[in-house]
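An overview of the molecular structure
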Amino acid sequence: HYLYFKSLGAMGISYWNLGDSKQVFKIGKSLIEYGKKHANIRSQTMGHMILGGAYNLIGNHLKVIECFKKACEVTADTMYEISAKTYIGLGYILNEQIDLAEPPLGEVVDFTKEYEWDWAGMPGQLFLGTVMIAKGNINKGFKMIDEAHQSFIREGRKYYIALTEYILGKIYSQIVEGSSS
């Protein structure tokens, strides 16, 4: 059971990173079905997270939030819950609900620092840094983003390197637009 759902989950994440929303939807639904059939909550949790990734690809931010919240409700595994909360925060950011993004992201960053789990912590820190900047705490926000970016570079996490650079580009663009008004 374990190898099946973990392999399928890895394929879902790969398709998510490749931008293939149809495959991501298919795999997410398969994981949920498999998890329900075999009473495997990790498979169900991963299925909801993968579905959230599919909604992320098509730009349905409310569904992103809904899917990752469902993952948190289903899971009994703290690591899965923390991973899901990272993307709940991202969903709120993308839906321009900055105040709602801060609590789950703060929890992610605190937990991952305490347990030295950078794999989930650095994306959470990237997103929380974005929230800090949006709320006017520019120095702290840029410091958090830079630390996450340097970690992604050291670890060769190309998806997150590109995402960080995209986020920084959006921030700089808004700064320039704001200063020219």
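Provided above is the structure to which this section pertains.
A brief report on the enclosed structure follows.

Scoring rules and cut-offs
Residues numbered from 1 in each chain as written. Predicted model: local features only at pLDDT ≥ 70, side-chain atom pairs only at ≥ 80, totals over all residues. Heavy atoms only, no water. Axes fitted to C-alpha atoms, helices over the stretch in contact; angles between N-to-C directions. Helix = DSSP H or I, 4+ residues; strand = E, 2+ residues; numbered from the N terminus. Parallel < 35°, antiparallel > 145°, perpendicular 65-115°, else oblique. Contact = heavy atoms within 4.5 Å. Phe/Tyr/Trp six-rings, centres within 6.5 Å; stacked < 30°, edge-to-face > 60°. Buried < 20%, exposed > 50% of the residue type's maximum accessible area, 1.4 Å probe, protein only. Expected span 1.5 Å × (residues − 1). Arc of directions from axis to C-beta.

1. Concerning the packing of helix α1 (residues 2–18) against helix α3 (residues 41–58)
Their axes nearest at 10 Å, the elements α1 and α3 cross at an angle of 10 degrees. Between α1 and α3, the angle falls in the class roughly parallel. Listed contacts from α3 to Phe5, Lys6, Gly9, Gly12, Ile13, Tyr15 and Trp16 of α1 are Arg42, Ser43, Met46, Met49, Ile50, Gly53, Asn56 and Leu57.

2. Observations regarding the packing of aromatic side chains
Counted under the stated rule, the structure contains 12 aromatic pairs. Here the aromatic rings of phenylalanine 25 and tyrosine 55 are separated by 4.9 Å at their centres, their planes lie at 85 degrees, and the arrangement is edge-to-face. With a gap of 30 residues between them, phenylalanine 25 in helix α2 (residues 21–37) and tyrosine 55 in helix α3 connect regions that are remote in the sequence. Here phenylalanine 25 falls in the buried class, since its relative accessible area comes to 17%. Measuring from centroid to centroid gives 5.3 Å for phenylalanine 68 and tyrosine 87, while their planes differ by 25 degrees, and the two rings are stacked. Placement of the pair is phenylalanine 68 in helix α4 (residues 61–74) and tyrosine 87 in helix α5 (residues 78–94), with a sequence separation of 19 residues. The class for phenylalanine 68 is buried, based on a relative accessible area of 1%. Each residue in the set Trp16, Phe68, Tyr87 and Phe127 is aromatic and connected to the rest through ring pairs, giving one cluster.

3. Quick word on α1
The end-to-end C-alpha separation of α1 is 24 Å, in line with the 24 Å expected for 17 residues at 1.5 Å each. Among the residues making up α1, those that are buried are Phe5, Leu8, Gly9, Gly12 and Trp16. The buried side chains of α1 occupy one side of the element, clustering within an arc of 105 degrees when seen end-on. The exposed residues of α1 that point more than 90 degrees off its buried face are Leu3 and Leu18. One or two positions beyond α1, positive phi appears at glycine 19, with a value near 85 degrees.

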